[in-house]
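For reference, the chains in residue letters:
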Amino acid sequence: MTASDVHSASGQRLGDEVVDWLTNGTSDERFIDNIFGQMCVRLQRAGIPVMRASLHVQINHPQWLGARILWSDGMEGAEIARVDYDVRERSEYIGSPASEIVDGAEEIRENLARDPKLGRQHAVYDDMRAMGLTDYVAWPIYHTLGKRHIVTFATDRRGGFEHAHVDALRRLIPVLALVSEIRIKNRLARTLLETYVGPHAGEMILAGATRRGSGETVRAAIMICDLRDFTKISDNWPRDDVIDLLNGYFDAMVEPITQHGGEILKFIGDGLLAIFPLSQPGACEKLLYAVTDARRAMEELNARHAESGRAPLRYGIGIHVGDVMYGNIGSRSRLDFTVIGPAVNMASRMEALTKQVGRPVLMSRAFAELVEGPFALERVGEFPVRGFSDPIELFAFEG
């Protein structure tokens, strides 16, 4: 007697307990990859011989198109791999079952045990045959407004999936669509917040810090960077060239900041505001390592500009430390999640002083006194600061 016979005899269809679990037992699980992995294990326990499964979703992150969630027999959990925007020009996509689904196919079924010459020709099928898999099925998953994602299942069972197995998997699809859409939209909301306001601010907003005036006081190292001569560049260069230049400049600056634990709070034209909260160990040192890596990245960028006849880009960075108010500021209907306070204003004034002093990176004594490690900080003197009654003692850093 097969598993499907047992379930029929008990009045329950094969896989119904998995459908019930997806419907009623996943409300406390935030992440679709965890749900997908658990679902595959439950399918096995229900008598459906799934040995490999994948879920392909579009997320439309600024850097990548979507993700592939992959589960195989024996894995503790499903694995997530990002999918780049150029995937549809690659050989692993062209002619694949995923491409057939995207192009409109409602079901892909492939007998992997037969002579490969008699079936579809693609490397993914060859890979699955090499794993000992015998049967494969894929379906689209429909979300709101007809947006299509993809789910696939494969088995190593001799003879492939039975009809009852395929029917049970097919019955999962509408419920999996609902469960996955909720989680993907949650992930998209988180991704958009991380993209536009940064990961820490995004977490605070998702946690409910959405009222005007809500926020917290944070002691942080503050970094403000500005590009030199941008007005002249933007007035004389074609628009697309200006955008390309800004993107290259921000890549050179931002990636080192985020890699060393800083958070970008705002882009202001050709400038940026970032903080390194002092709650993280070595915050000031991490900021200086970020400045060092950014200088090297800018040198590489300028070398590429020189090859195309462009003038080198120059920048100024002001660095200070202090308490900042970190939260929601704005009108009743339009808020900005940012930092304000005298320490931010001082960092901005110091960035402006880089033009006067002729040094690209200037920091306050308050910041310099917190720095530990082999950093060559050069005192350059005291200077009056607009809006502040006392002069500030400045140190230069070459990186």
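The structure this text deals with has already been given above.
Quick summary incoming for the structure in this document. Small disclaimer: the values here were computed from a predicted structure and weren't measured.

1. Quick notes on the overall build of the protein chain
What the protein chain contains, in helices and strands, is twelve helices and 14 strands. Over its C-alpha atoms the protein chain spans a radius of gyration of 28 Å, topping by over 25% the 21 Å that the globule rule assigns to 399 residues. Seen through its C-alpha atoms, the protein chain measures out along the principal axes to roughly 90 × 50 × 40 Å. Counting the 399 residues in the protein chain, one finds 47% classified as buried.

2. Here's the deal with the packing of helix α9 (residues 239–259) against helix α10 (residues 283–307)
Closest axis-to-axis distance for the α9/α10 pair is 7 Å, and the angle between their directions is 155°. Relative to α10, the element α9 lies roughly antiparallel. In this structure, the crossing between α9 and α10 has a hand that is right-handed. Here Leu245, Gly248, Tyr249, Ala252, Met253, Pro256 and Ile257 of α9 come into contact with α10, specifically with Ala290, Asp293, Ala294, Ala297, Met298, Leu301 and His305. Of the residues in the contact of α9 with α10, the class split is eleven nonpolar, two polar and one charged.

3. Some remarks on the pattern of salt bridges
Per the counting criterion, the structure on display carries 25 salt bridges. The partner of Arg359 in a salt bridge is Glu378, and the shortest N-O contact between them spans 2.7 Å. One end of the pair, Arg359, is in the loop between α11 (342–357) and β12 (361–364); the other, Glu378, is in strand β13 (residues 377–383), and 19 residues separate them in sequence. Classification of Glu378 by relative accessible area gives partly exposed; the value is 41%.

4. Points about the side chain of Ser99
Tracing the chain through its elements places Ser99 in helix α4 (residues 97–102). Its relative accessible area of 7% is what places Ser99 among the buried residues. A polar contact is formed between the side chain of Ser99 and the backbone nitrogen of Gly95, at a distance of 3.3 Å. Other than its neighbours up to four places away in sequence, Ser99 contacts Tyr93 and Ile94.

5. As for the pairing of strand β7 (residues 215–227)
Relative to strand β10 (residues 315–330), β7 runs antiparallel, the two being bridged by 13 bridges. Its bridge partner lying in β10, Ile222 is registered against His320. Relative to strand β9 (residues 271–277), β7 is paired through seven bridges, and the arrangement is antiparallel. The residue bridging Ile222 from the neighbouring strand is Ile275, located in β9.

6. Observations regarding the packing of aromatic side chains
Per the counting criterion, the structure on display carries six aromatic pairs. For the ring pair Tyr125 and Tyr136, a centre distance of 5.8 Å and an interplane angle of 85° mean the geometry is edge-to-face. Placement of Tyr125 in helix α5 (residues 123–130) and of Tyr136 in strand β5 (residues 135–142) is noted, with a sequence separation of eleven residues between them. A residue is classified by how much of its surface remains accessible, and Tyr136, at 4% relative accessible area, is buried. Between Phe375 and Phe397, the ring centres sit 6.1 Å apart and the planes meet at 70°, which makes this aromatic pair edge-to-face. Of this pair, Phe375 sits in the loop between α12 (365–368) and β13 while Phe397 sits in strand β14 (residues 392–397), placing them 22 residues apart in sequence. Its relative accessible area of 14% is what places Phe375 among the buried residues. Looking at Phe397, the relative accessible area reads 4%, which means it is buried. Taken together, Tyr249, Phe250 and Phe267 form an aromatic cluster joined through their ring pairs.

7. So, the side chain of Arg183
Here Arg183 shows up in helix α6 (residues 163–197). The side chain of Arg183 is buried and forms no salt bridge, while Glu29, the nearest opposite charge, is found at 6.8 Å. Here Glu29 takes part through its backbone oxygen, which lies 2.9 Å from a polar atom of the side chain of Arg183. The contact partners of Arg183, leaving out residues within four places of it in the chain, are Thr26, Ser27, Glu29, Arg30, Phe31, Ile32 and Ile35.

Rules and cut-offs
- Residues numbered from 1 in each chain as written.
- Predicted model: local features only at pLDDT ≥ 70, side-chain atom pairs only at ≥ 80, totals over all residues.
- Heavy atoms only, no water.
- Helix = DSSP H or I, 4+ residues; strand = E, 2+ residues; numbered from the N terminus.
- Rg over C-alpha atoms; globule rule 2.2 N^0.38 Å.
- Buried < 20%, exposed > 50% of the residue type's maximum accessible area, 1.4 Å probe, protein only.
- Axes fitted to C-alpha atoms, helices over the stretch in contact; angles between N-to-C directions.
- Parallel < 35°, antiparallel > 145°, perpendicular 65-115°, else oblique.
- Left-handed = near helix turned anticlockwise from the far one by under 90°.
- Contact = heavy atoms within 4.5 Å.
- Nonpolar A, V, L, I, M, F, W, Y, C, P; charged D, E, K, R; others polar.
- Salt bridge = Lys/Arg side-chain N within 4 Å of Asp/Glu carboxyl O.
- Polar contact = N/O pair within 3.5 Å; in protein donor to acceptor, adjacent residues only side chain to side chain.
- Pairing = 2+ DSSP bridges.
- Phe/Tyr/Trp six-rings, centres within 6.5 Å; stacked < 30°, edge-to-face > 60°.
- Lys, Arg positive; Asp, Glu negative; His and termini not counted.

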